[in-house]
Amino acid sequence: LEEALDRRIDERLRERDEAAAKGGEGEKEDPSISELSEAVAMTDDQEDAVVRSIDAGKRRVFDLLAIPREDGRSMVDDLRDALQADGDPGEAMQKWFFGLMKERIPGRQETYLTEILKIQRTTWDGIGRTLDEKQLEKLRRTGVDILEVKTGFDPFAEALERDG
């Protein structure tokens, strides 16, 4: 069973790499929780707990990026602008991402990216309390950005749809 799971994970990683090579790095699709659950043989209860951990992390990142700056705008507003920008959307998104790396969270010393990385670690810690060591290792080996897993909850999409 373990060898079969390892082969399946290796197969998924190969598929992901092939898809990225064909469509470019930005074109690959984020995995769904059901794909990851199957790949690491989660029980239904484990999957539910992992979804709660991931969704809590997504909410924390959204709340962080929604903190208003002195000008009244937030990184969520900047993201909306980047997605709606005329011209090269890739360039606008790159500028937004650089903002995450260099801008400090209002009222704090940390950058947005530093805090997002902490949220990722906290999310992985929560998942680590749910899965056994072998499952956790297999999940980590997928290289997935845990906060990008499709769980059915996307506070950014909801906010962008709501606010136009």
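Residues numbered from 1 in each chain as written. Predicted model: local features only at pLDDT ≥ 70, side-chain atom pairs only at ≥ 80, totals over all residues. Heavy atoms only, no water.

J.: Help me understand the side chain of Lys58, please; the structure alone is not making it clear to me.
T.: Tracing the chain through its elements places Lys58 in helix α3 (residues 44-65). Nearest to the buried, unbridged Lys58 among oppositely charged side chains is Asp55, at 4.3 Å. (Helix = DSSP H or I, 4+ residues; strand = E, 2+ residues; numbered from the N terminus. Buried < 20%, exposed > 50% of the residue type's maximum accessible area, 1.4 Å probe, protein only. Lys, Arg positive; Asp, Glu negative; His and termini not counted. Salt bridge = Lys/Arg side-chain N within 4 Å of Asp/Glu carboxyl O.)

J.: Looking at this model, I keep getting lost on the nonpolar core. Mind explaining?
T.: Most often, soluble globular proteins keep nonpolar side chains buried together rather than apart. Counting 33 residues, the largest nonpolar core has Leu65, Ile127, Leu139 and Ile146 as the members making the most contacts within it. Considering each element in turn, this core owes the most residues, seven residues, to α3. Contact partners of Ile127, with chain neighbours within four places excluded, come to Val50, Ser53, Ile54, Leu136, Leu139 and Ile146. (Core = buried A, V, L, I, M, F, W, Y, C linked by side-chain atoms within 4.5 Å. Contact = heavy atoms within 4.5 Å.)

J.: Just to check I follow, could you spell out a negative patch on the surface for this structure?
T.: On the surface, a cluster of negative charge is contributed by Asp30, Asp145, Glu148, Asp154, Glu158 and Glu161. For Glu158, the position within the fold is in helix α8 (residues 155-163). (Patch = residues over 30% accessible without salt bridge, like charges linked within 9 Å, V, L, I, M, F, W, Y side chains within 5 Å. Areas by Shrake-Rupley, 256 points an atom, 1.4 Å probe, with all protein chains shown as cover. Charge placed at Lys NZ, Arg CZ, Asp CG, Glu CD.)

J.: Any chance you could explain the pattern of salt bridges here in plain terms?
T.: Pairing is possible between side chains that carry opposite charge, provided their charged atoms lie close to one another. Throughout the structure, instances matching the rule amount to 11 salt bridges. Arg69 is the salt-bridge partner of Glu103, the closest N and O atoms lying 3.7 Å from each other. Of the two residues, Glu103 sits in the loop between α5 (89-102) and α6 (112-128) while Arg69 sits in the loop between α3 and α4 (75-83), which places them 34 residues apart along the sequence. The exposure class assigned to Arg69 is buried, which follows from its relative accessible area of 18%. Across the pair Asp77 and Arg80 runs a salt bridge, and its minimum N-O distance is 3.1 Å. Of this pair, Asp77 and Arg80 both sit in helix α4, three residues apart, which is roughly one turn of that helix. By sharing partners, the salt bridges in this structure join Arg69, Asp71, Arg73, Asp78, Asp81 and Glu103 into a single network.

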